[in-house]
Protein chains: 2
Amino acid sequence: MHANVKHNVVPLITPGLKVACSQCNLRELCLPFGLSDEDMARLDNLIGGGRKLKRGQHLYRAGEAFESIFAVKAGFFKTDVLTEDGRDQVTGFQMAGEILGMDGISTEAHTCNAVALEDSEVCLIPFTELEMLSSEIHSLQHHLHKVMSREIVRDHGVMMLLGTMRAEERLAAFLLNLSQRFNARGYSPAEFHLRMTREEIGSYLGLKLETVSRAFSRFQDEGLISVQQKHIRILDIPRLKTLLAPPDGRLG
Amino acid sequence: MHANVKHNVVPLITPGLKVACSQCNLRELCLPFGLSDEDMARLDNLIGGGRKLKRGQHLYRAGEAFESIFAVKAGFFKTDVLTEDGRDQVTGFQMAGEILGMDGISTEAHTCNAVALEDSEVCLIPFTELEMLSSEIHSLQHHLHKVMSREIVRDHGVMMLLGTMRAEERLAAFLLNLSQRFNARGYSPAEFHLRMTREEIGSYLGLKLETVSRAFSRFQDEGLISVQQKHIRILDIPRLKTLLAPPDGRLG
DNA sequence: GTAGCCCTTTGATATTTATCAATGCAACTT
DNA sequence: AAGTTGCATTGATAAATATCAAAGGGCTAC
């Protein structure tokens, strides 16, 4: 009775196998998107072996030298930024097929922490080698740029969320985003298991954990979702979506 | 009596001249950073002529086809995202030497609007050509990646601001950020002219314009700054910085 | 030069979210 | 199996910010 329930075809994870983009079920979501077989073989060649992490382990920490980016092969991560004065902001949650570590390129050092929220596995992509290969393979270069750009666009979405939405709107947006991403990976969009705590959700959404908890309870009372600890079932996706679009709209 | 007052050497703008990275005073802040003379000449060659914009004009709009990124040569811009339901979030303010438009790479269409907040000039950098050239010039490729990564890091900083700071902290961070960027361009870090309205500041900071106005007034009452409409003079930078670091610290 | 408009400021009040506190639940350990 | 610990829920209250409203100031355009 545990989420996530597979609801259709795509077999997702083949744990224990040697990393190889050409064999990976995530290739359409990940860096090798659109490469020819030949080019994919060259990419395979530069990608370092996979690395497994236990829940709670850091993939990298702020300040560490930047050498690679990472593709999530299985599992679930959070990234967060910590300032000297003790502020802590979760900047994202990453799942299979998503790329981690691009923040480190600018300063040659990671600027945030990446932590596995469940037992996970990543592919290691040495960045200098990736740049070299992408000079030769135009579609790889372009796709890398798209991935980085997509991250910028995603960040703008988070700014929108933090800057303009109230607590329940933020949580609705968060749930719908997770739902859509699980769906894209062949999991149920309606029923899933949260890997993060209320506090981590709160940090991501700019809310306190109590506020997150209350919003969950309210959604449950209203029949939008059912919540049992970390197990979420979305009962009414359309109505959840309407929470994001104020009916009359502060359209000023 | 108008800001911004030049406080040292760097002559910044040479309006009317043909764009040429090799002649540009911004080259150390901008894309050609670190290129040899020869490579810079090649970059010169691909950069389309400059484009001038009057205050209020759009450089691009969300939905338009993406073809180029832009380097701000002179002036001041804002970028904002608008959703169907009427939410409006300013995602950044850009000044000389900064790059605009990288959000458009991922979908081949711009995802936000860029508007000149004063009469401005940009260099047009056709992206396909830039990719081709950067395949050949490794340092250009790497610097482009750094610029994109820097944008991601900047966005994380904004998330931190929106997610963890209260109104006065946000405004202090905003002013200190502007101060530092003006300083880096040879302008006074203590005295400058805001190009944006209180509402635009508020949108960027996730606050209502009245809250921004009150925070300005409070800072003035406390002798931290002097405000006269859009003219800002920072009187006590160190004390403004302490506003960002809560003395005891919510260091939980 | 002047009228009009937009921007800004300030006050009073309402709303939202945080804080403080206590209890309950569940998984993990021993 | 019981105890421990961390996580989640819920309630009462406080604090922060938004909203509504009105008036003043400065810039722009005519």
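Description of the structure in this document. A quick note: this is a predicted structure, and the numbers were derived from the prediction, not measured.

Quick notes on the rules
Just so you know, the residues in each chain are numbered from 1, in the order the chain's sequence is written. The lettering of chains begins at A and the numbering of ligands begins at 1, in the order of writing. Totals for whole chains, interfaces and linings use all residues, but because this is a predicted model, local features are given only for residues with pLDDT of at least 70 and pairs of side-chain atoms are given and counted only at 80 or more. Hydrogen atoms and water are omitted, and side-chain values are computed over all heavy atoms in the structure. Any two strands with at least two DSSP bridges between them are considered paired. Each helix is a run of H or I in the DSSP string that is no shorter than four residues. Each strand is a run of E no shorter than two, and both are numbered from the N terminus. With axes taken as lines fitted to C-alpha atoms, and helix axes fitted only over the stretch in contact, angles between N-to-C directions fall between 0 and 180 degrees. Here, two residues are considered to be in contact whenever any of their heavy atoms come within 4.5 Å of each other. When a residue's accessible area, from a 1.4 Å probe over protein chains only, is under 20% of the maximum for its type it is buried; when over 50% it is exposed; and in between it is partly exposed. We count Lys and Arg on the positive side and Asp and Glu on the negative side, and we leave His and both chain ends out. Any carboxyl oxygen of Asp or Glu within 4 Å of a side-chain nitrogen of Lys or Arg constitutes a salt bridge here. For each residue, the test is whether any non-hydrogen atom lies within 4 Å of the molecule or strand; if one does, the residue is near. Any pair of N or O atoms that falls within 3.5 Å is considered a polar contact. Within protein, one atom must be able to donate a hydrogen and the other to accept it, and sequence-neighbouring residues count only if both atoms are side-chain atoms.

**Re the sheet that holds strand β10 (residues 225–228) of chain B**
Residues and elements named next belong to chain B.
1) Next: With antiparallel pairing, 3 strands are arranged side by side in an open sheet as β9-β11-β10. For this open sheet the edge positions go to β9 (191–193) and β10, each flanked by a neighbour on one side alone. Mean inter-strand twist for the sheet, computed between neighbouring axes without regard to direction, equals 15°.
2) Next: As paired strands, β9 and strand β11 (residues 231–234) are joined by 3 bridges and run antiparallel to one another. What sits directly across from histidine 193, in β11, is histidine 231.
3) Next: Running over the sheet, helix α4 (residues 167–184) touches β9, β10 and β11 and is turned about 100° from β9.

**Considerations on the side chain of Arg198(A)**
Residue and element names in this part refer to chain A.
1) Next: The residue arginine 198 is located in helix α5 (residues 198–205) in this model.
2) Next: Nearest to the buried, unbridged arginine 198 among oppositely charged side chains is glutamate 200, at 9.3 Å.
3) Next: Among all residues touching arginine 198, those that are not within four sequence positions of it are Leu209, Val212, Phe216, Val227 and Gln229.

**Concerning the protein's contact with DNA strand C**
1) Next: With respect to spatial proximity, 17 residues lie near DNA strand C, and among them Ala167(A), Lys208(A), Thr211(A), Arg198(B) and Ser217(B) are the closest.
2) Next: Put simply, 65% of the atoms of DNA strand C that lie within 4 Å of the protein are in sugar or phosphate.
3) Next: Within the backbone of Lys208(A), one N or O atom sits 3.3 Å away from a phosphate oxygen of DNA strand C.
4) Next: Arg214(B) has a polar side-chain atom sitting 2.9 Å from a base nitrogen of DNA strand C.
5) Next: Mapped by element, the contributors of at least two residues to the surface near DNA strand C are α6 (209–221) of chain A together with α6 (209–221) of chain B.
6) Next: In terms of residue count, α6(B) provides more of the surface near DNA strand C than any other element does, 5 residues in total.

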